[in-house]
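Chain and residue survey
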Amino acid sequence: MLDLSLASFGSMPETVATPGYDRQSLSAGILHIGVGNFHRAHMAHYLDRLFSKGLGHDWAIVGAGLKSGDARIRDKLQAQDWLTTVVDLDAGSANARITSAMIDYVDIAPSAILARLCDPAIRIVSLTVTEGGYFLDSAGDVIVDHPKLQADARNREVPRTAFGLMIAALRRRREAGIAPFTVLSCDNLPANGKVVSRVVTTLARMQDPAVADWIAAEVAFPNCMVDCITPKTGKKELALVRDHFGIDDAAPVICEPFRQWVIEDHFAAGRPPLEEVGVEFVADVTTHEMMKLRLLNASHASLCYAAALMGHEYVDAALADETLSRWLTELAHRETIPCLAPLEGVDYASYLDQCIERFRNPAIADTIARLAEDGSNRQPQSILPTVREALARNLPLEGLGLEIGLWAHFCSEKPIPLEDPLADTLTEAARNGAAAFVGIESVFGDLAGNVRLVEAVEAALANIAQKGVRDAIEAYLDRL
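As the structure is a computational prediction, the values presented were derived from the model and not from experiment.

1. Some words on the packing of aromatic side chains
Inspection of every chain in the model, using the stated rule, returns twelve aromatic pairs. Centroid distance Tyr-46 to Trp-261: 5.6 Å. Interplanar angle 40°. Geometry classified as tilted. On the criterion of sequence distance, the pair formed by Tyr-46 in helix α2 (residues 43–52) and Trp-261 in strand β13 (residues 260–264) is long-range, its members being 215 residues apart. Given the relative accessible area of 2%, Tyr-46 is considered buried. Among the residues examined, Trp-261 registers a relative accessible area of 2% and is labelled buried. Here Trp-407 and Phe-444 contribute two aromatic rings whose centre-to-centre distance is 6.3 Å and whose plane-to-plane angle is 40°, an arrangement assigned as tilted. With Trp-407 in helix α17 (residues 398–413) and Phe-444 in helix α20 (residues 441–444), this residue pair connects regions lying 37 residues apart in the sequence. In terms of burial, Trp-407 and Phe-444 fall into one category: buried. Cation over ring: Lys-236 sits above Tyr-314, and NZ or CZ is 5.5 Å from the ring centre. Above the face of the Phe-281 ring, Arg-271 is positioned so that its terminal group lies 3.6 Å from the ring centre.

Structure follows, in structure tokens:
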């Protein structure tokens, strides 16, 4: 058994790919906030491949984080020289790669992060802080009275949030004549660049309007679309890396082989040539992200609550259930795709088929529980935009109402633990019926209390109560 470290590279089995470059040749160019599994399967993986081509060696990653969980992952990665084993799993194949794109991880302390953000070498600040980490309400507006933002507004020299730290660093760089960095959100949010720009400039304006104006004029916030199914790491994943590849990695990442990254080519201080490893740079990422959110992410949302209520634990097993497989396909074809504007060169039906085929990958063992987390942040991004469009155009809403009804029934029954920042609110509202559930303004925003939507969810809940989950879905499928 090999302990993962730089010293063990020469002893790695031939089945494990190792970096094709000397780590000593790398220098920092990116500070990434939120070094979770997805970041290491996606952005860090792309950069590792780029470095192996002998390109972009001044764009290595420095990790950062502010939560207790970040401290735990930092300790694990530090013990193995910041290395990660990334295993791409597909039916019948497992390919491991040791990635070395991250060369440091600053202490879990705001002062340490701020100091590194002021380093002129850092030209991109990227982040994966999840959909719920941006202090937004259901309408997408910044919650300016949030205690953490208010604290940063009062204490701009000692901020505690990632956004406050970025503002403090940008202000100090401006005063020192150092060019601003680009801020690159890699979270699953529509217009994620605009979102992070709105949060940063709003908080900056609470501190100093002149700095806010300068940030709005000088700092780049490109939108991007990211995609790679990456489950959590548990005992099974640790054992796979240990037993199959003979590597003792305390924090490996298991993911699917598919990766996609589309970025708007708008950077304030240069960027790595990631197009050399398959990243697509475009002028406007809107149509790409809309397709992913409303088909791939929405399909995950449509699947997870029904599957949990029907007793499924894993995504691939749920899709082996013909009722659930047909449910995903029919809902998208009947109600989602008709709400999407045509995209030149893209066949939405083919894209949907590709998504569902990826979900069927048995090697990933992605869990229904992971998909069901944080619905109060995910549903407004993936499901409610289609609901809003369907209402505006008077298009069918029965299936979308059933999807929300299944979510409400899940929140009420809790077949698995309800992991959501609004868990108590969701549970109480779900147990009080459709009007109460759809009336949650912090989730449904301008759709809260919409009569047609309430009626659709009410009908769905009545069908679920009368027929059960499976038969309620079957009844929808049987209506042509």
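2. Focus: the packing of α17 against helix α18 (residues 423–430)
α18 packs onto α17 with a crossing angle of 105° between their chain directions and a minimal axis gap of 8 Å. By the angle between their axes, α17 is roughly perpendicular relative to α18. Taken together, the residues of α18 that come into contact with α17 (itself represented by Trp-407, Ala-408, Cys-411 and Ser-412) are Leu-426, Thr-427 and Ala-430. Of the residues contributing to the contact of α17 with α18, the split by class is five nonpolar, two polar and no charged.

3. Points about the state of the cysteines
On inspection of all chains with the given rule, the structure shows zero disulfides. Among the cysteines around Cys-228, which has no disulfide bond, Cys-255 carries the closest sulfur, lying 4.2 Å off. Given the relative accessible area of 6%, Cys-228 is considered buried. Of all cysteine sulfurs in the structure, the one in Cys-228 sits closest to Cys-355, which takes part in no disulfide; the separation is 13 Å.

4. Here's the deal with the sheet that holds strand β8 (residues 124–127)
The strand order β7-β4-β3-β8-β9 describes an open sheet built from five strands, whose pairing is parallel. In this open sheet, the two edge strands, each paired with only one partner strand, are β7 (102–105) and β9 (182–185). Strand after strand, the sheet turns through a mean of 25° between neighbouring axes, direction not considered. Seen against the sheet, helix α4 (residues 110–117) touches β3 (28–33), β4 (60–64), β7 and β8 and runs at an angle of roughly 145° to β3.

5. Overview of the environment of Leu-319
Looking at the secondary structure, you find Leu-319 in helix α11 (residues 315–319). In the structure, Leu-319 is positioned twelve residues away from Ala-307 in sequence and 8.8 Å away in space, judged by C-alpha atoms. Ignoring any residue separated from it by four or fewer positions in sequence, one finds Leu-319 in contact with Leu-303, Ser-325, Leu-328, Ile-356, Phe-359 and Arg-360.

6. Some details on the pairing of strand β5 (residues 84–90)
With respect to burial, β5 is a largely interior element, six of its seven residues being buried. In textbook terms, the turn of a hairpin is the stretch between consecutive antiparallel strands, and for β5 and strand β6 (residues 93–99) this stretch comprises two residues, one of which, Gly-92, has a positive phi near 85°.

7. Focus: the pattern of salt bridges
Inspection of every chain in the model, using the stated rule, returns 24 salt bridges. Residue Asp-119 pairs with Arg-116 through a salt bridge whose shortest N-O separation is 4.0 Å. The closest approach of N and O atoms between Glu-373 and Lys-232, which form a salt bridge, is 2.6 Å. Here Lys-232 lies in the loop between β10 (224–227) and α9 (235–245) and Glu-373 lies in the loop between α14 (368–372) and α15 (375–382), a separation of 141 residues in the sequence. The class of Glu-373 is buried, set by a relative accessible area of 19%.

8. Structural notes on the sheet that holds strand β2 (residues 16–17)
Note on sheets: strands pair through backbone hydrogen bonds, and any given pair is parallel or antiparallel. Across the sheet, which stays open at both edges, the four strands sit in the order β2-β6-β5-β12 with mixed pairing between neighbours. Each edge of the open sheet is held by one strand with a lone partner, namely β2 and β12 (253–255). Sheet topology places β5 next to β6; seven bridges connect them, and they run antiparallel. When the bridges of β6 are listed, Asp-90 appears paired with Ser-93. Along the sheet, α9 makes contact with β2, β5, β6 and β12, crossing β5 at roughly 90°.

9. A closer look at unusual backbone geometry
The phi dihedral of Trp-82 is positive, around 65°, even though this residue is not glycine. Following the sequence through the fold, Trp-82 ends up in the loop between α3 (68–78) and β5. Trp-82 gets classed as buried once you look at its relative accessible area, which sits at 10%. Its identity is not glycine, yet Lys-414 carries a phi of approximately 50°, on the positive side. Mapped onto the fold, Lys-414 is located in the loop between α17 and α18.

10. Description of the side chain of Ser-100
Tracing the chain through its elements places Ser-100 in the loop between β6 and β7. A polar side-chain atom of Ser-100 sits 2.9 Å from a polar atom in the side chain of Arg-23. Aside from chain neighbours lying at most four places away, what touches Ser-100 is Pro-19, Tyr-21, Arg-23, Leu-26, Asp-48 and Leu-83.

11. Details of the nonpolar core
Counting residues in hydrophobic clusters, the biggest one holds 85 residues, and the most contacted among them are Trp-327, Val-387, Phe-437, Phe-444 and Ile-473. No other element matches helix α10 (residues 286–309), which puts eleven residues into this core. When residues no more than four places from it in sequence are discounted, the contact partners of Phe-444 are Ser-138, Leu-384, Arg-388, Ile-404, Trp-407, Phe-437, Val-438 and Leu-453. In this structure, Ile-113, Leu-127, Val-129 and Phe-163 belong to the second largest nonpolar core, which totals 42 residues.

So, how was this worked out
Residues numbered from 1 in each chain as written. Predicted model: local features only at pLDDT ≥ 70, side-chain atom pairs only at ≥ 80, totals over all residues. Heavy atoms only, no water. Phe/Tyr/Trp six-rings, centres within 6.5 Å; stacked < 30°, edge-to-face > 60°. Helix = DSSP H or I, 4+ residues; strand = E, 2+ residues; numbered from the N terminus. Buried < 20%, exposed > 50% of the residue type's maximum accessible area, 1.4 Å probe, protein only. Lys NZ or Arg CZ within 6 Å of the ring centre and 35° of its normal. Axes fitted to C-alpha atoms, helices over the stretch in contact; angles between N-to-C directions. Parallel < 35°, antiparallel > 145°, perpendicular 65-115°, else oblique. Contact = heavy atoms within 4.5 Å. Nonpolar A, V, L, I, M, F, W, Y, C, P; charged D, E, K, R; others polar. Disulfide = S-S within 2.5 Å. Pairing = 2+ DSSP bridges. Salt bridge = Lys/Arg side-chain N within 4 Å of Asp/Glu carboxyl O. Polar contact = N/O pair within 3.5 Å; in protein donor to acceptor, adjacent residues only side chain to side chain. Core = buried A, V, L, I, M, F, W, Y, C linked by side-chain atoms within 4.5 Å.

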